[in-house]
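Next come the chains, spelled out residue by residue.
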Amino acid sequence: MGLLSQLKQNYKTLSIVGMAKNAGKTTALNYLIEEAMDEGVVLGITSTGRDGESTDLVTGTDKPKVFLDAGTIVSVPVKLYELADAGLEILSMTNYSTALGQIMICRVAESGYVQIAGPVNTKDHKKMCGEMLSFGAELILIDGAIDRKSIAAPDTSDAIILATGAVLSRSMKKVVEETAHIIELYQLPALEDGAGKDLIVKNQAKEKIMLVKGKHVVVLDLKTGLTAGKFLDEAIDEETDYIYIPGALTKSVISEIHPTKMKKVEFILKDPTKIFIEAALWQQLRKKGFTVKVLENIKVAALTVNPYSPAGYAFEHELLLREMRTAALGIPVIDVKLGGGLNEVI
């Protein structure tokens with residue numbers, strides 16, 4: 001059984017998230033599309049930006065095009081409809097608009113290349129995915145063409161496929177470490193059910209930093225943690241159990257909190273996309289007792305690796321695959337460029 005068939009058993013929507021530009025995200029998408037063609041799976045394909053064009057509109061470099069098999073359900077804006085090499089049957093004119101025009105949901109009637117785009121707004125995207133499922137898609141793949149952080153958010157899809165590769169660094173060790181760091185962040189433990197979580201959820205809509213002290217909550221007049229470090233240090237006392245931060249968690253927030261206070265509390269975030277702390281510092285903080293939990297974590301369904309960098313260098317693919325599988329702790333890892341089977345542990 002291939003990767004796609006296994007994913008289809010557990011998920012309805014999957015976002016493909018690149019660790020960086022040119023990490024192999026579109027190549028991973030094409031790999032899964034080919035598996036779907038081989039196994040007769042009806043895919044739904046959409047994007048949070050634009051994908052499938054032959055040239056990157058930002059960098060001017062070549063991009064892999066997206067070839068869709070007959071029967072695939074796809075979102076296409078009006079201005080890209082005429083550019084499709086494939087024959088497209090329009091199933092629905094949606095109310096979702098982009099800079100490229102109104103989004104249409106189409107069924108591929110004749111196989112060929114298609115440029116894809118979808119709503120940028122997460123709420124609209126989720127509704128449109130529901131419509132694509134109603135038209136017969138068995139699994140929807142969402143290409144995160146604009147913002148890596150937002151497309152990874154758990155509101156967007158059931159889980160993500162993380163695309164990583166040599167483009168991150170000339171050092172394979174660093175590529176593996178950075179990827180393992182993101183996997184660790186995305187799979188942080190969720191805050192346990194209880195009075196503390198109830199208080200946070202009840203006051204979450206205020207979008208303010210709050211401290212939970214036993215059965216009470218103190219809401220600070222601060223929306224983000226970017227300049228909140230010294231205020232948090234002053235506010236933390238012996239009764240503080242949790243600090244909820246609705247915005248970004250950065251190095252500056254942590255550095256201004258006394259280490260003895262930091263060890264006594266748990267930091268709570270909406271989801272892991274709010275964390276902006278690099279791998280080495282993260283590990284140092286963890287050793288000092290720094291604890292972060294989230295209201296909702298991100299399921300990493302699979303990891304794809306690309307051993308080639310557009311800069312002209314490459315890693316030995318079997319070694320990269322082996323190192324990444326060791327670091328990925330049982331998550332399926334595949335080399336979509338050169339092939340290679342799944343991990344034995346799925």
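How each quantity is defined
Residues numbered from 1 in each chain as written. Predicted model: local features only at pLDDT ≥ 70, side-chain atom pairs only at ≥ 80, totals over all residues. Heavy atoms only, no water. Helix = DSSP H or I, 4+ residues; strand = E, 2+ residues; numbered from the N terminus. Rg over C-alpha atoms; globule rule 2.2 N^0.38 Å. Buried < 20%, exposed > 50% of the residue type's maximum accessible area, 1.4 Å probe, protein only. Contact = heavy atoms within 4.5 Å. Lys, Arg positive; Asp, Glu negative; His and termini not counted. Charge placed at Lys NZ, Arg CZ, Asp CG, Glu CD. Salt bridge = Lys/Arg side-chain N within 4 Å of Asp/Glu carboxyl O. Disulfide = S-S within 2.5 Å. Polar contact = N/O pair within 3.5 Å; in protein donor to acceptor, adjacent residues only side chain to side chain. Pairing = 2+ DSSP bridges. Axes fitted to C-alpha atoms, helices over the stretch in contact; angles between N-to-C directions. Expected span 1.5 Å × (residues − 1). Parallel < 35°, antiparallel > 145°, perpendicular 65-115°, else oblique. Left-handed = near helix turned anticlockwise from the far one by under 90°. Nonpolar A, V, L, I, M, F, W, Y, C, P; charged D, E, K, R; others polar.

Enquirer: Would you take a moment to explain the overall build of the protein for this structure?
Expert: Within the protein one finds 12 helices and 20 strands. The C-alpha radius of gyration computed for the protein amounts to 22 Å, which stays within 12% of the reference 20 Å derived for 346 residues, consistent with globular compactness. Projecting the C-alpha coordinates of the protein onto the three principal axes gives extents of approximately 65 × 45 × 40 Å. With 346 residues in all, the protein has 52% of them scored as buried. Restricting the contact set of the protein to residue pairs at least 6 apart, pairs at least 24 apart contribute 71%. In the protein, 39 positive and 44 negative side-chain charges are present, and the distance between their average locations comes to 6 Å.

Enquirer: I keep staring at the pattern of salt bridges and nothing clicks. Help me out?
Expert: Between side chains of opposite charge, a pair can form as their charged atoms come close. Inspection of every chain in the model, using the stated rule, returns 14 salt bridges. With a closest N to O distance of 4.0 Å, Glu 178 and Lys 174 form a salt bridge. In this pair, Glu 178 and Lys 174 both sit in helix α6 (residues 172-186), 4 residues apart, roughly one turn of the helix. On the basis of relative accessible area, Glu 178 is assigned to the partly exposed category, the value being 28%. Residue Lys 174 is classed as partly exposed on the basis of its relative accessible area of 42%. A salt bridge links Asp 237 to Lys 213, with the shortest nitrogen-to-oxygen separation between them at 2.9 Å. Here Lys 213 lies in strand β12 (residues 210-213) and Asp 237 lies in the loop between α8 (229-235) and β14 (242-245), a separation of 24 residues in the sequence. Linked through salt bridges whose partners overlap, the residues forming this network are Glu 192, Glu 266 and Lys 293.

Enquirer: Sorry if this is basic, but what is going on with the state of the cysteines here?
Expert: Should the sulfur atoms of two cysteines be covalently bonded, the bond is a disulfide. A full pass over the atoms with the stated rule returns 0 disulfides. Its sulfur unpaired, Cys 106 is 15 Å from the next cysteine sulfur, which belongs to Cys 129.

Enquirer: What is the right way to look at the side chain of Thr 179 in this model?
Expert: Positionally, Thr 179 belongs in helix α6. A polar atom in the side chain of Thr 179 sits 2.8 Å from the side chain of Thr 164. When near neighbours in sequence (up to four residues on either side) are disregarded, Thr 179 contacts Met 19, Leu 162, Thr 164, Leu 168, Leu 303 and Met 324.

Enquirer: I tried to follow the sheet that holds strand β18 (residues 292-294) on my own but got confused; where do I start?
Expert: Sheet strands pair via backbone hydrogen bonds, and the direction of the pair is either parallel or antiparallel. Pairing within the open sheet is mixed, and its 5 strands lie in the order β13-β12-β14-β16-β18. The sheet terminates laterally at β13 (216-219) and β18, the two strands that pair on one side only. When the angles between neighbouring strand axes are averaged without regard to direction, this sheet yields 25°. Of the strand pairs in this sheet, strand β16 (residues 266-269) and β18 are connected by 3 bridges, and their pairing is parallel.

Enquirer: Got a minute to help me understand helix α4 (residues 122-134) in this structure?
Expert: Here α4 is 13 residues long and its end C-alpha atoms lie 19 Å apart, about the 18 Å a rise of 1.5 Å per residue gives. Where the residues of α4 are buried, they touch β1 (13-18), β2 (43-47), β5 (73-77), β6 (87-98), β7 (101-110) and β10 (139-143). A side-chain oxygen of the first residue of α4 lies 2.8 Å from the backbone nitrogen of Lys 123; this N-cap is Asn 121. Following α4 by one or two positions, Gly 136 has its phi on the positive side, about 110°.

Enquirer: In this structure, what is going on with the sheet that holds β2? I would like to understand it.
Expert: Taken together, the 9 strands give an open sheet; going across it, the order is β6-β7-β5-β2-β10-β1-β11-β19-β20, and neighbouring strands pair in mixed fashion. Each edge of the open sheet carries a strand with a single partner, namely β6 and β20 (333-335). When the angles between neighbouring strand axes are averaged without regard to direction, this sheet yields 25°. Relative to strand β19 (residues 300-306), strand β11 (residues 159-165) is paired through 6 bridges, and the arrangement is parallel. By the bridge assignment, Ile 160 is partnered in β19 with Val 300. Contacting β1, β2, β10, β11, β19 and β20, helix α2 (residues 25-39) runs over the sheet at an angle of about 145° to β1.

Enquirer: I would appreciate a short explanation of the environment of Gln 284 in the present structure.
Expert: In this fold, Gln 284 is placed in helix α11 (residues 279-287). Remark: the alpha-carbon pair of Gln 284 and Lys 65, spanning 219 residues in sequence, is separated by 42 Å.

Enquirer: What's the story with the environment of Asn 203 in this structure? I'm lost.
Expert: Topologically, Asn 203 is positioned in helix α7 (residues 195-203). Note: C-alpha distance between Asn 203 and Val 218 (15 residues apart in sequence) is 10.0 Å. Within the structure, Asn 203 has its side chain in polar contact with the side chain of Lys 206 (distance 2.8 Å).

Enquirer: Explain the packing of α6 against α11 to me, please; I cannot follow it from the model alone.
Expert: Packed helices, taken two at a time, are described by their axes: the angle between them and the distance between them. Axis separation between α6 and α11 bottoms out at 10 Å; the angle between their running directions is 50°. Overall, the two elements α6 and α11 adopt an arrangement that is oblique. In this structure, the crossing between α6 and α11 has a hand that is left-handed. Mapping the contact onto sequence places His 181, Glu 184 and Leu 185 in α6 and Ala 279, Trp 282, Gln 283 and Arg 286 in α11. Among the residues making up the contact of α6 with α11, the classes are represented as 3 nonpolar, 2 polar and 2 charged.

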